[in-house]
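# What the coordinates show
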Amino acid sequence: MRITRPPFAPLEHEPADVLSSRFYAEGDPHALWAHLREHDPAHHCDPADGREPFWVMTRHEDVSRVLREHETFTSRRGTMLCIIDLSMPDFASDEMMPDTDPPRHRQLREPVNRALTPRAIAAQEEPIRRIVREMLEPALDGGVFDVARAALLFPMAFTGTLMGLPRENWRRMSHLTTMTIAYDDPDYSTGESKATLRQAHHELFSFFRDEVRRRQATDHEAGDLIGILRSMDYDEAPLTEQQLILNCYALLLGANVTTPHVASTLVQKMAEFPGQYRAARESPDLRRPLVQEALRWASPASHFMRYALRDVELHGRTIREGEPVSVWLGSANRDERVFERPYEFDATRRVNKHVAFGVGPHYCIGAGLANLGLRIFLDELLESVEAVELAGEPVHLASNQVAGYKSMPVRLTARAGAARRSIA
Ligand code: HEM
């Protein structure tokens, strides 16, 4: 999607375009979101194609409220405005962590969360660093390097390792997870949208089913995330095969479709603001705020959804019980009511209340891991790269779920000794 700033050109799009995948590849969602925040903060969207109406929340305060108030806004009927009919029951309801409400949600979340504490993931630091070096190494010869393509594989460095997934499958799994959110994108679609989504789900679920069965057959006990899912109880019984598969899928998807786009943003912003990066090279204290600003800027998880459990009054409108409510994180992260100069990339922002990881009970369970991975990515970028130059227009993914890049050609100038360092 275009990441633009005011003054915006006259609005060319209808609010219903929030559903359109193409809008995010070619259009200007930031202009539409700014308009909705100002003039219609609780927008009722009634798609012309007959799909079920839904609400569109664009202000930081409302986005946060919907995500926090699980007693009023449930996750049990699905959390994405997908291509699937919103009136259909969600087959993952109460089976997959993101599609549960507290208190049951805690049963699925807490054991996994314990495996993702800063202490527990510290051991991932070296493998992640090695993979980041391998990833950047081909870029250091001064040729054109597509950082967005390379970054797609980056999260497998931590999910692949933490879930104990064989490395020969990483590239395919990364492609399949992108297919699930970019089923309309010509580079990921296999034809029709629903068929693309079905194929990606089928392959990913089959992969995890085989992995779970292989472990069952060999009585294989592992301390990795799949091992933890296999050892925990849900409603006083071990997870069923379906629950295991769905929760593996949620972990893989959560990491793969988001983190790459923040890594690409870190590279892109180095081209635009070399001074901010020089400062971060000299003062490591500036690296954390720089990563947080890249998260706010990129906001890769574009929207999430809930269903109202009772009637709610908001901005003079009534959301009725049972109606779907979508919240737009990329919009909340540019809300001028919360952020000073929201359209400026400013790594020295001290207070940065971005909601890129969500808020409330479903706050991203992988946030610590993503922060660690992105921090290592930034460290390695600063160590090995002197300067970045964009070598072509970035190309955006066609997806209403993920704001991301599928291509970003850059030319990197290596720092003295960097190539040798990456091979060492
Ligand atoms: C930059 C990287 C990431 C971003 C921007 C991001 C964003 C988000 C957001 C906004 C949510 C909240 C969803 C909701 O409220 O319904 C979420 C939840 C989740 N994320 Fe992430 N995520 C990232 C990385 C990861 C990683 C690395 C993992 C894997 C370990 C992961 C796995 C999950 C899971 C399983 C959930 C559901 C948590 C729950 O329902 O309690 N994410 N993520």
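Residue positions within a chain follow its written sequence, with the count starting from 1. Restriction of local features to residues with pLDDT of at least 70 applies here, the model being predicted, together with a cutoff of 80 or more for giving and counting side-chain atom pairs; totals for whole chains, interfaces and linings are based on all residues. As a rule here, side-chain values cover all heavy atoms of the structure and leave hydrogens and water aside.

### Details of the coordination of the iron atom of the ligand
Looking at the protein side alone, the iron atom of the ligand has one donor only, Cys364 (SG), at 2.3 Å. With respect to the element layout, Cys364 can be found in the loop between helix 16 (329-332) and helix 17 (367-384). Each metal site lists N, O and S donors within 2.8 Å (3.2 Å for Na, K and Ca). With water left out of the atoms, a site can look as if it is missing ligands. Secondary structure follows DSSP: runs of H or I at least 4 residues long count as helices, runs of E at least 2 residues long count as strands, and numbering of each begins at the N terminus.

### Some details on the layout of surface pockets
For each structure, a 1 Å grid was placed over the protein atoms alone; sets of points admitting a 1.4 Å probe that cannot get out are labelled cavities, open sets with protein on both sides within 12 Å along at least five of seven lines are labelled pockets, and lining residues have an atom within 4 Å of a point. Grid points are joined across faces, edges and corners, and a volume is the space filled by probe spheres set on the points. A volume near 440 Å³ is recorded for the second largest pocket. In terms of lining, the second largest pocket is formed by 18 residues, of which the most central are Arg149, Ala150, Leu152, Leu153 and Arg171.

### Describing helix 2 (residues 29-39)
Counting buried positions along helix 2 gives eight out of 11 residues, so the element sits mostly inside the fold. Within helix 2 the residues assigned to the buried category are Pro29, His30, Ala31, Leu32, Trp33, Ala34, Leu36 and Arg37. In this description, contact between two residues means that some pair of their heavy atoms is separated by no more than 4.5 Å. Residues of helix 2 that are buried make contact with helix 1 (21-26), strand 1 (42-45), strand 2 (54-57), strand 10 (324-328) and helix 16. To sort residues, take the accessible area from a 1.4 Å probe on protein chains only and compare it with the maximum for the residue type: under 20% means buried, over 50% means exposed, and anything in between is partly exposed.

### Quick look at the nonpolar core
Within this scheme, the nonpolar core is defined by two criteria: the residues are buried Ala, Val, Leu, Ile, Met, Phe, Trp, Tyr or Cys, and they are joined through side-chain atoms within 4.5 Å. Within the largest apolar cluster, 95 residues are counted, with the highest numbers of intra-cluster contacts made by Val112, Phe154, Met163, Leu165, Phe208, Leu225 and Phe377. It is helix 17 that provides the largest number of residues to this core, a total of 10 residues. What Met163 contacts, discounting residues up to four positions off in sequence, is Phe208, Arg215, Asp224, Leu225, Ile226, Cys248, Leu251 and Leu252. Formed by 18 residues, the second largest nonpolar core is a distinct cluster that contains Ala42, Trp55, Met57 and Val63.

### A word on the pattern of salt bridges
Note on definitions: salt bridges are taken to be side-chain nitrogens of Lys or Arg within 4 Å of carboxyl oxygens of Asp or Glu. One pass over the structure, following the stated rule, counts 37 salt bridges. When the shortest N-O distance is used, the salt bridge between Glu203 and Arg172 registers 2.8 Å. Taken together, the positions of Glu203 in helix 10 (residues 193-217) and Arg172 in helix 9 (residues 170-181) put the pair 31 residues apart, joining distant regions of the chain. Exposure remark for Glu203: the relative accessible area of 27% places this residue in the partly exposed category. Using a relative accessible area of 38% as the deciding quantity, one classes Arg172 as partly exposed. Because the salt bridges share partners, they merge into one network encompassing Glu125, Glu126, Arg129, Arg133, Arg287, Arg375, Asp379 and Glu380.

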